[in-house]
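Architecture and fold: a report
The lines below spell out each chain.
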Amino acid sequence: MALVLIGIGATVASFGISPDQAGRWGARYFPLAGSLALILLGLIELRAAPGGPVMERRHLPAIAALLGLSVVYVWAISALGYLIATAVAAPLALWIFRVRAPIGLAAAAVLSPALYHLIFFKLLGVFPPLGRYFDVLDVIGGY
Amino acid sequence: MDIFPALLGVLSDPLLLGWVVLAAIVGMIVGAIPGLTASAAIAMLLPLTFYMEPLPALAFLYVIGKSGRYGGSIAAILFNTPGTAASAATQLDGYPLARQDKAGKAMKVATLSSVIGDFTGEILLIAGVAWIAALALKLGPPELFAVYFAAFIVIGSVIGKSVTRGLASAALGVLVAMIGLDPISSTERFTFGSFDLTNGIGLVPLMIGIFVLGEVFAQIEQRGQPSEMASGGGDANHNRLTWREYKPCLPHVARSSFIGAFIGMLPGLGSAIAAFVAYGEGKRRATSPEQWGQGALEGVAAPEAANNAVSGPSMAPLLTLGIPGSTIGAILIGVFLIHGIQIGPTMFLTSRDLIYALFACGLIGIVIYGLIGYFGAAFVGRFIVRIPTRVLYPVIFLTSFVAAYTSRGNLFDVYVMVAAGFAGWAMRKLDFNPAAFVISFVLAGGAEETFRQALLLSDNGLMIFVTRPLALLFLVIGCAALMMRLRSLKKQSGAGTVTP
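Just so you know, these numbers come straight off a predicted model, no measurement behind them. Note on numbering: residues in each chain are counted from 1, in written sequence order. Starting at A for chains and at 1 for ligands, labels are handed out in the order in which the entities are written. For a predicted model such as this one, the threshold for reporting local features is a pLDDT of at least 70, and the threshold for listing and counting side-chain atom pairs is 80 or more; totals across whole chains, interfaces and linings nevertheless cover every residue. As a rule here, side-chain values come from all non-hydrogen atoms in the structure, and water together with hydrogens is ignored.

1. Examining the overall build of chain A
Secondary structure elements are taken from DSSP: a helix is a run of H or I of four residues or more, a strand is a run of E of two residues or more, and numbering for both begins at the N terminus. When its secondary structure is counted, chain A shows five helices and zero strands. Written out in order from the N terminus, the α and β elements of chain A read α-α-α-α-α. The reference for a compact globule is 2.2 Å times residues^0.38; the radius of gyration itself is calculated from the C-alpha atoms. In terms of C-alpha radius of gyration, chain A reaches 23 Å, well past the compact-globule figure of 15 Å for 143 residues. C-alpha atoms of chain A, sized along the principal axes, occupy 55 × 50 × 25 Å. The buried label applies to any residue whose accessible area, calculated with a 1.4 Å probe on protein chains only, is under 20% of its type's maximum; exposed applies above 50%, and partly exposed to all values in between. Residues counted as buried form 42% of the 143 residues belonging to chain A. Any two residues whose heavy atoms approach within 4.5 Å are treated as being in contact. The contacts of chain A with a sequence gap of at least 6 include a subset with a gap of at least 24, amounting to 58%. Across chain A, 9 positive and 5 negative side-chain charges occur, with their mean positions spaced 7 Å apart. Neither His nor the chain ends is counted toward charge; the positive residues are Lys and Arg and the negative residues Asp and Glu. Charge placement uses NZ in Lys and CZ in Arg. For Asp and Glu, CG and CD serve respectively.

2. A look at the confidence of the model for chain B
Overall, the prediction assigns chain B a mean pLDDT of 84, with 93% of residues at 70 or greater. Our summary of model confidence lists the complex with pTM equal to 0.81 and ipTM equal to 0.92. Each residue carries a pLDDT score, the predictor's confidence in it, ranging from 0 to 100.

3. Comments concerning the packing of helix H4 (residues 54-78) of chain B against helix H15 (residues 297-309) of chain B
Residue and element names in this part refer to chain B. Angles run from 0 to 180 degrees between N-to-C directions of axes, and those axes are lines fitted to C-alpha atoms, restricted for helices to the stretch in contact. Where H4 contacts H15, the two axes come as close as 9 Å, and the packing angle between them is 160 degrees. Here H4 lies roughly antiparallel to H15, going by the angle between them. Regarding H4 and H15, the two cross each other, and that crossing is right-handed. Here H4 contributes Lys66, Arg69, Tyr70 and Ser73 to the contact with H15, which in turn contributes Glu304, Asn307 and Asn308. Among the residues making up the contact of H4 with H15, the classes are represented as one nonpolar, three polar and three charged. These descriptions rest on fixed angle ranges, namely under 35 degrees for roughly parallel, over 145 for roughly antiparallel, 65 to 115 for roughly perpendicular, and the rest for oblique. Two helices cross in a left-handed way if the nearer one is turned anticlockwise from the farther one by less than a right angle. They cross in a right-handed way if the turn is clockwise. Gly counts as polar in this scheme, as do all residues outside two lists: the nonpolar Ala, Val, Leu, Ile, Met, Phe, Trp, Tyr, Cys and Pro, and the charged Asp, Glu, Lys and Arg.

4. Considerations on the packing of aromatic side chains
Each pair of aromatic rings taken from Phe, Tyr and Trp, with Trp reduced to its six-membered ring, is defined by centres within 6.5 Å and is described as stacked if the planes are under 30 degrees apart, edge-to-face if over 60, and tilted in the remaining cases. Tallying each qualifying case throughout the model produces 20 aromatic pairs over all chains. When the centroid spacing of 6.5 Å and the interplanar angle of 15 degrees are considered together, the rings of Phe97 of chain A and Tyr393 of chain B count as stacked. With Phe97 of chain A in the loop between helix H3 (60-96) and helix H4 (102-123) and Tyr393 of chain B in helix H20 (residues 389-408), the pair connects residues from two separate chains. The exposure class assigned to Phe97 of chain A is buried, which follows from its relative accessible area of 3%. You can call Tyr393 of chain B buried: its relative accessible area is 1%. Ring geometry for Tyr279 of chain B and Trp292 of chain B: centres 5.2 Å apart, planes at 65 degrees, overall edge-to-face. Of this pair, Tyr279 of chain B sits in helix H14 (residues 270-285) while Trp292 of chain B sits in the loop between H14 and H15; the two residues are 13 residues apart in sequence, bridging distant segments of the chain. Trp292 of chain B matches Tyr279 of chain B in its accessibility class, with the two residues each being buried.

5. Focus: the interface of chain A and chain B
Across the boundary between the two partners, chain A contributes 56 residues, which contact 55 residues of chain B. Across the interface of chain A and chain B, roughly 5,100 Å² is buried in total on both sides, 80% from carbon and sulfur atoms. When residues of chain A are sorted by the area they lose upon contact with chain B, Phe30, Ile63 and Phe97 of chain A head the list and together hold 16% of the total. One side-chain nitrogen of Lys or Arg within 4 Å of one carboxyl oxygen of Asp or Glu is enough to make a salt bridge. Taken together, chain A and chain B are joined by one salt bridge. Pairs of N or O atoms within 3.5 Å make up the polar contacts considered here, provided that, within protein, one atom can donate a hydrogen while the other can accept it, and that residues adjacent in sequence are counted only when both atoms are side-chain atoms. On the surface where chain A and chain B come into contact, there are seven residue pairs in polar contact (both at pLDDT 80 or more). Put simply, the parts of the chain that give the side of chain A that touches chain B at least two residues each are helix H1 (2-15), helix H2 (29-48), H3 and H4 of chain A. No other element matches the 20 residues that H3 of chain A contributes to the side of chain A that touches chain B. The quantity reported as buried area is the accessible area (1.4 Å probe) lost by two parts once they are put together, taken as the sum for both.

Printed below as a string of C-alpha cells:
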C-alpha cells in the first residue's frame with residue numbers, strides 16, 4: 001500500500017514539473033515513468049502478498065531511540081557545533097548499544113569529539129559545522 | 001601490453017604501494033567483521049579519498065573491494081556467519097571444516113582459490129576492457145538507453161527474494177535521483193520549494209546511509225549476542241595444506257573463476273549469485289557430492305574462486321559504458337567524478353595510464369591480500385573476535401555522520417544520510433533491495449540523458465528503440481532476464497516460500 005501511495009504522490013508531483021520552453025514533456029518523462037512503475041508494482045504486491053514479511057517488534061524501541069538520537073544529533077551540530085553535539089551523542093550511542101561502564105561513557109564523551117575534530121577538521125582541513133547559538137570553537141579560538 | 005609499464009610504475013612508487021597494502025589489510029578486516037561489507041567500508045572512507053590524488057584514491061577503494069570480498073570467508077569459516085553475502089556459500093563447507101579442527105586448512109583453500117579467481121577476473125578485464133570500450137564508442141543514445149533499461153530490469157529483478165520489490169527498489173532509486181534541477185532545462189523537480197533539494201540528493205550521503213548507518217540500525221538487533229569462534233589455529237597437521245589435498249580443488253577453481261568472471265560482467269548480479277551458482281555447479285560435477293555441505297575442501301574452493309572472480313569484470317560496464325555493475329562500482333563513480341574524470345569509453349583515450357595503473361594496483365593488491373590471508377587469516381579472525389561490537393558500531397555510527405558531512409561540507413547531507421540509513425534498514429527488513437535502489441539512483445541520470453537524446457534524434461518518437469537492431473536486442477535481453485527470473489521463482493514457489 002505504501003508503494004501505491006508513494007507512487008500516487010510522485011505522479012501528482014510529476015505533473016507539477018513545468019514543461020520546457022517548447023512545451024515538451026522532457027523533464028517529466030522519467031519522474032512520471034518511475035511513479036507509474038511504482039503504482040503498478042505496488043498493485044501487484046497488494047494482489048500477490050497482502051501480508052508481506054512480518055517485522056519483529058522487540059527491537060523497535062531501540063531502533064526508534066537510535067533514529068531519534070540521529071536526528072537530534074544533526075540538529076545539535078547545527079545549533080551547538082560539532083564538539084558539544086558529539087560529546088553528548090557518543091555516550092548516548094554507546095548506551096543504546098548497552099555499554100554501561102561510566103568510565104567508558106565519560107571517555108567517549110571526551111575522546112570522540114577530540115579525535116574526530118583532529119582527524120577531519122584539522123588534518124583533512126574540512127571546514128567544521130559551526131553552532132548557530134553557541135560553539136566551543138569560538139571560546140577556544142578555533143582549536 | 002599497457003599493463004607492464006603500469007605494474008613497474010606502481011611497484012616503483014612506495015607511497016602508492018603503502019596505500020595498496022593498507023587497503024588489503026582494511027578490506028580483509030572489514031570483510032571479516034560479520035555485518036560489515038566492503039561496500040560499507042568504501043562508502044565510509046570515500047570522503048577521505050577526496051583529499052588524495054586520483055590514482056591512490058581509486059586504488060585504495062578498489063583493493064578494499066577485492067580484499068573485502070575475500071575477508072568475508074574468514075567470518076564464514078570461523079564464526080559460521082558470512083562476513084559478506086558473497087561468502088554465505090563458503091560457510092556451507094567452511095564451518096563444518098572448522099568444527100573438525102581444520103579451520104586453518106579451510107582458510108588456506110579459501111585464500112588460494114580467491115587469489116586464483118581474482119587473478120583470472122582481473123586478467124580477463126585487462127585483456128578485454130579496451131576492446132569492449134572500442135565497441136562501446138560505436139553505440140549511440142538509443143543503444144545506450146537500451147543497455148540502461150536492461151540494467152534496470154536485471155538489477156531490479158535478479159537480486160533478492162521478490163521481483164516486484166526489487167523492481168520497486170529500482171523505481172524508488174530513479175525517483176530519488178530525479179530530485180533537484182533537470183540537467184537539460186533546469187526545471188525544478190520534486191523540490192517542494194526547498195532550496196537544499198535543488199542541488200539534488202548527494203551520492204555519498206546516500207551510500208553512507210544505506211550501507212553504513214543502515215547496518216548500524218540492523219546491528220541493534222544483534223546486541224548482546226556473543227561471537228562464537230571455531231578454533232582458528234589448532235593442530236598443525238590438521239591445518240597444513242598439501243598439494244595432494246588442493247589438487248582436486250583446481251578444476252572447481254578454474255570453472256568457478258570463469259563462472260564468476262562471466263556473472264561479474266553483467267550489471268547488478270554480483271558475487272553472492274556467482275558464489276552460489278559456482279557452488280551448485282561444483283556440487284553437480286563433484287565425484288563425491290554427498291560430502292559437500294559436510295566439510296569438503298572443494299566446497300570452499302568453488303564459491304571463493306567465483307566470488308572473487310567477479311571483482312575485475314564487474315568494472316567492465318563501469319569503465320566502458322559508465323554503468324556500475326556493482327555497489328562498489330557505483331561508489332567508485334563518485335571518486336571518478338570528484339577527481340574530474342569522465343567515465344565511459346572515452347576514458348581509454350583520456351585517462352588510459354590511470355586505468356592501467358589501477359589494474360596494476362588491483363593485481364598487486366591480490367598478491368598482498370593473498371600473502372596476508374595465507375599466513376595470517378587465523379590471526380585476523382582472533383583479532384576480529386576481540387573487537388566488541390557494542391563499541392565498534394557506536395564508533396561507526398559517529399564516523400558515518402562526520403563522513404557524510406565531509407563530502408560537501410553541508411549538514412543537509414547528514415539529514416539525507418540519516419533518512420537513507422533508516423530507509424536502508426527498513427528496506428532490508430521488508431525484503432526490498434538496497435543495492436538495486438542505489439545502483440538505479442546512479443544509473444538514472446545517464447539513462448534519462450540518453451533517452452531524451454534518442455528522442456531528439458528520432459523522427460518516430462519511441463519507435464527509434466525498436467527500429468535500431470542493437471537497441472532492440474538489449475531491450476529483449478532485459479525482458480528475457482525478467483521472464484527467466486519469474487519462471488525460476490515460480491518453480492521455487494512450487495517447492496518453497498518465495499514470492500514472485
